[in-house]
Amino acid sequence: MLLITGPLFAGKRECAAKLLGVPMERLADLAVWDVQDLAAAAPDLTALADALAARPVVIATEVGGGVVPVDPAQRAAREAAGRLSCLLAARAETVVRVCCGIPQLLKGEWPC
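These figures come from a predicted structure and were not determined experimentally.

J.: Run through helix H4 (residues 45-53), naming residues and quoting values.
T.: Listing the buried residues of H4 in full gives Leu45, Leu48, Ala49 and Leu52. Along the axis of H4, the buried positions cluster into a sector of 100 degrees, meaning they face one direction only. Elements in contact with the buried residues of H4: strand E2 (31-33), helix H3 (36-39), strand E3 (57-61) and helix H5 (72-91). In this structure Asp44 caps H4, since a side-chain oxygen of it lies 3.1 Å from the backbone nitrogen of Thr46.

As structure tokens, then:
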């Protein structure tokens, strides 16, 4: 599994399409994204990570790098998203972080 992570609107989907050599229209067939939104409602993050790791490409937006929310539910959601990203990175063969549209290899080898 290829995990692509990075800030919101940093070019993660475009990077995924380019690395996979597919048009953006085909990306949904190969990748799942916005997985951080699934973490908050997941009763078991390990089971969610296992299910997502079965996909060829997972795209996760980094959350929690800014101001800590006052709302306990929002803090818990950010913590769950961070823990899910750690679980996914452990399962991934390749991890790429995209910032400002520039991909950085964190783990493994470039998929192309």
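More follows now that the structure is in view.
J.: Please give an account of the nonpolar core that cites residues and values.
T.: Counting residues in hydrophobic clusters, the biggest one holds 16 residues, and the most contacted among them are Leu3, Val35, Leu52, Val58, Leu84 and Leu88. Among the elements that line this core, the one with the most residues is H4, at four residues. With sequence-adjacent residues up to four places away left out, Leu84 is seen in contact with Val35, Ala39, Leu45, Leu48, Ala49 and Leu52. Cys15, Leu19, Ile59 and Val96 belong to the second largest nonpolar core, which has eleven residues in total.

Parameters at a glance
- Residues numbered from 1 in each chain as written.
- Predicted model: local features only at pLDDT ≥ 70, side-chain atom pairs only at ≥ 80, totals over all residues.
- Heavy atoms only, no water.
- Buried < 20%, exposed > 50% of the residue type's maximum accessible area, 1.4 Å probe, protein only.
- Helix = DSSP H or I, 4+ residues; strand = E, 2+ residues; numbered from the N terminus.
- Arc of directions from axis to C-beta.
- Contact = heavy atoms within 4.5 Å.
- Polar contact = N/O pair within 3.5 Å; in protein donor to acceptor, adjacent residues only side chain to side chain.
- Core = buried A, V, L, I, M, F, W, Y, C linked by side-chain atoms within 4.5 Å.

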